[in-house]
Amino acid sequence: MDMKQIEAKWQAKWEKDKLNYFNKKNVDKKFYCLEMFSYPSASKLHLGHWYNYGLTDSYARFKRMKGFEVFQPMGFDAFGLPAENFAIKTGKHPELTTLENIETMEGQLKAMGAMFDWNAEIKTCMPDYYKWTQWLFLKLYENNLAYRKEAPVNWCPSCNTVLANEQVDDGHCERCGTQVIKKNLTQWFFKITQYAEELLSCLDGLDWPEKTKAMQKNWIGKSSGGEITFTAESGDEFKVFTTRADTVFGVSYVVLAPEHPLVKKLTTEDRAKDVEKYVEETAKINEIERLSTTREKTGVFIGAYAINPANGKKVPIYAADYVLYSYGTGAVMGVPAHDARDYLFAQKYDLPVNVVIRNPKGETELPYCEDGMLVNSLTFDGLSSEDARKAILNSLSKEGKGQHKTNYRLRDWLVSRQRYWGAPIPMIHCPHCGTVPVPYKDLPVELPKDVEFRPDGKSPLAKCESFVKVKCPVCGADAERDVDTLDTFVCSSWYYLRYPDNKNEDMPFDPEIINQMLPVDKYVGGPEHACMHLLYARFITKALRDMGYLKFDEPFTSLTHQGIILGPDGNRMSKSRGNVVSPDTYIEEFGSDVFRLYLMFGFDYTEGGPWDDNGIKSIAKFVERIERLVTKVCSYKPEKNVQIGKEEKDLLYAEAYCVKSVDRDMNVFSFNTAIARLMEFVSAINKYDGLSEKSNSLILKAVDTLILLLAPCAPHFAEELWAMRGNKKSVFLEDYPVCDENALVKDEVELAVQINSKVKAKINVSKDATDDEIKAIALANDIIKKIVGDSQVVKVIIVKGRLVNLIVK
RNA sequence: GCGGUCAUGGCGGAAUUGGCAGACGCAUAAGACUAAGGAUCUUAUGAGUAAUUUCUCGUGCAGGUUCAAGUCCUGUUGACCGCACCA
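Residues numbered from 1 in each chain as written. Chains lettered and ligands numbered in written order. Predicted model: local features only at pLDDT ≥ 70, side-chain atom pairs only at ≥ 80, totals over all residues. Heavy atoms only, no water.

1. A word on empty space enclosed by the protein
Left-over empty space is what a probe sized like a water molecule reveals as it rolls over the atoms. Summed over the entire model, instances satisfying the criterion amount to one cavity of 30 Å³ or more. Within this model, the largest cavity holds a volume of roughly 90 Å³. Along the wall of the largest cavity there are 14 residues; nearest its centre are Glu84, Thr161, Arg419, Phe453 and Pro455. At the level of elements, α3 (81–90) and β6 (161–163) are the ones that each hand at least two residues to the lining of the largest cavity. Partitioning the lining of the largest cavity into residue classes produces five nonpolar, two polar and seven charged. (1 Å grid on protein atoms, 1.4 Å probe; cavity = no way out; pocket = protein on both sides within 12 Å on 5 of 7 lines; lining within 4 Å. Points joined across faces, edges and corners; volume = space filled by probe spheres on them. Helix = DSSP H or I, 4+ residues; strand = E, 2+ residues; numbered from the N terminus. Nonpolar A, V, L, I, M, F, W, Y, C, P; charged D, E, K, R; others polar.)

2. Some details on the sheet that holds strand β22 (residues 434–437)
Read from one edge of the open sheet, four strands run β22-β21-β24-β23, paired in antiparallel fashion. Either end of the sheet is taken by a strand with one partner, and the two such strands are β22 and β23 (469–471). Taking each pair of neighbouring strands and ignoring which way they run, the sheet shows an average axis angle of 40°. By the bridge criterion, two bridges tie strand β21 (residues 427–430) to strand β24 (residues 478–481) in an arrangement that is antiparallel. Looking at β24, one finds that histidine 429 is bridged to glutamate 480. (Pairing = 2+ DSSP bridges. Axes fitted to C-alpha atoms, helices over the stretch in contact; angles between N-to-C directions.)

3. Some words on the confidence of the model for chain A
In this model, chain A carries a mean pLDDT of 88, and residues with pLDDT of at least 70 account for 99%. Both confidence scores are given for the complex: pTM 0.90, ipTM 0.91. (pLDDT = per-residue confidence, 0-100.)

4. Comments concerning helix α5 (residues 127–142)
In a regular helix each residue adds 1.5 Å, so 16 residues correspond to 22 Å; α5 covers 22 Å between its end C-alpha atoms and thus fits that length. Within α5, 12 of the 16 residues are buried, which leaves it mostly tucked inside the rest of the structure. Regarding α5, the residues found buried are Tyr129, Tyr130, Lys131, Trp132, Thr133, Gln134, Trp135, Leu136, Phe137, Leu138, Lys139 and Leu140. (Expected span 1.5 Å × (residues − 1). Buried < 20%, exposed > 50% of the residue type's maximum accessible area, 1.4 Å probe, protein only.)

5. Regarding the pairing of strand β10 (residues 222–232)
Judged by how many residues are buried, β10 sits mostly within the fold: nine of 11 residues are covered. As paired elements, β10 and strand β18 (residues 402–408) share seven bridges and run antiparallel to each other. Looking across to β18, one finds that lysine 222 is bridged to tyrosine 408. Here β10 pairs with strand β11 (residues 237–242) via six bridges, running antiparallel. Looking at β11, one finds that isoleucine 228 is bridged to valine 240.

6. Here we look at the protein's contact with RNA strand B
Neighbouring RNA strand B are 62 residues; Asp77, Asn165, Gly602, Ser757 and Arg802 lie closest to it. At the protein interface, 65% of the atoms of RNA strand B within 4 Å belong to sugar or phosphate. Within the side chain of aspartate 77, an N or O atom sits 2.4 Å from a sugar or linking oxygen of RNA strand B. The contact in question runs from a sugar or linking oxygen of RNA strand B to an N or O atom on the side chain of glutamate 680, over 3.1 Å. For the surface near RNA strand B, the element with the highest residue contribution is helix α22 (residues 671–689), accounting for six residues. Considered class by class, the residues forming the surface near RNA strand B number 23 nonpolar, 20 polar and 19 charged. (Near = heavy atom within 4 Å. Polar contact = N/O pair within 3.5 Å; in protein donor to acceptor, adjacent residues only side chain to side chain.)

Dropping the structure here:
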């Protein structure tokens, strides 16, 4: 069969018949199947795209044949750093290259033969889309979910530019090798932390991989404890967060993060030089290193002291890089006796170790980090750690020096980027009115085309005078636009809401439509998005719900991660390794259906693995085998009466078993086993067909079932076979085969007979034999009789349909 | 470092969720068909041992729970993914 020709033929027919377009009339049967949209890269569709889109398309087609009205859209996450970097290198405008790349990828995606609804396409870099990204920003601002504060960025002092983390190579600029430092800029944040609790608690109800839920849970990082206020001698107060308020009487020092504003203020003159140097050094180290527990703890005494509110004792204040300004309050209390990290720190800086918790079960070895019984803690002595935590915080809160507090590791989402190729932040800075939102009627704030985006220390948009200069929408004075752009994660945090109503010019989406079409029923994408994209999207959904636009709580009801296809050498594919496998050559040789079938068959979908093309030829043979079979049986004439004998029963069993297995496997993305069952079925049909006495009717029925089951996995090929069988309608308009449960019932079942848990023999028993009968048959077996001999059977375990285990003494 | 995942024949991978380990396929071998076979069909294929239908071992490693463990528990080794400005 000429695969290329039939691919083109059926793709054209599907398009002509509008087969793949969602029919709004059937919205009550909707199934929203979504794949994470792709970044339009210059290197075209790679194996990963195919693996995600091709195989999920088979799942979508399966759902369609199961009677759902499937909505499967596709689009492009088109803003982002690579296009901008490419532009800096080559001078080609990001818009030009991005749109070129999109066009290429659209062509390839169409050639894949997936049932994408191209009417619903979106591209995030187009004004008709980012207008609504900006709308989203304004709505969040309006609802106090967007705010500005200072935050550090990676700064290369030589290139004079902000660097993304990935552009920092071991603390140095990837372009020029200069040591990267941290620099504070005022930037926009989304208040995702306001939803921390709900983002955590709703995880339980989601049909998501457990590992993904676990990762999000840890990412949100809820911990219960308290805040305790320490007072510096200067009178300045600062709070520390602790989960171990029971150890507060053991505090021998406190630590401020080097970035903490009080560090500068409280440092005494004689310590200023050392402290300044230390803070400078800290700016060069990234957070992963700072938090490493194996790295030696460093810190510097700032010369000032603070009062412990619990006992009034004066303790020294240190600045140390193991405390992060972004987590908790940016300050911690040091209790060397009961915290491993503090213990090491105290030893290094010769600080006192005050034992305040005793091990109730024996020796109190330091550092003792478990719960225990309080000592040296005044009126709290004798309490358990658990009770003391409550009591101490209650007591401190009466004096206004402490309170119970739940803390989250989750931080607010920094959305400002000092970049060109992104959606402009729709805000205006007015010398009189302050920060003013762009009025909705003035959206979109268009990204100017003629901009110098080579790095020179400023946001590219800051250099575009025609963009920056604007009248204040409130007072009309000369004002300036915000010159930063939005993180591309903002674009992708709401795109699934735009697809079903992508041409709406008045709203980002019509709530009435969206509340019918969402939530997404199945979302498929890589596990690398477990914490960021998937959390951001959940947050935005909840925020929009609270504003009254949405009636659902979660965007993605069910989630599946595809695995990663590695290069043949077992490493991640990359140009530098030279192990990139392109789908194109295989598609050229075997066609897209064979390629898709091989991806389905060769890997565990959620695991992925190294590419190996040995198997693809066997899939091509499998396809040819089916073609020969169908060609042959097309000339068969069905007979009126069918005699059902043993061979016929076997064939009907094989058919029912295949339908049942493939149905179940397709539903859970277990494509490799589904294809394996189809292979078995083909063998079973061939075997029956080889008999001298056979029923043509049964063979024809089996072959039709085979084609229907195969259709989602090899769409063009199955259409062609279906037409060969004389059908005029598309195979995708047929119903999915239903398993004949009666055919699955075997009169006899085979059981393994174990003696002391080791298999020794097999027996056949009637399907409804009682336990006593099974036992009798097992004991009557010659081999078993011999082994059991004179020993006594003390116990019999029967697992229905599986085995019988005789425990013998 | 923290968080997460994984480990099964020569290879890719199955195992109904605690019940016959190795489905299906690749590779290999033997045979059939053939003028020919890199096509097609049939059979065999975890390791060792026995040599008909035997026994033993076997799911990274070391323990444990259980009548029964690839699956559950404890420890351990290795590989991979994410870590907040790649998308």
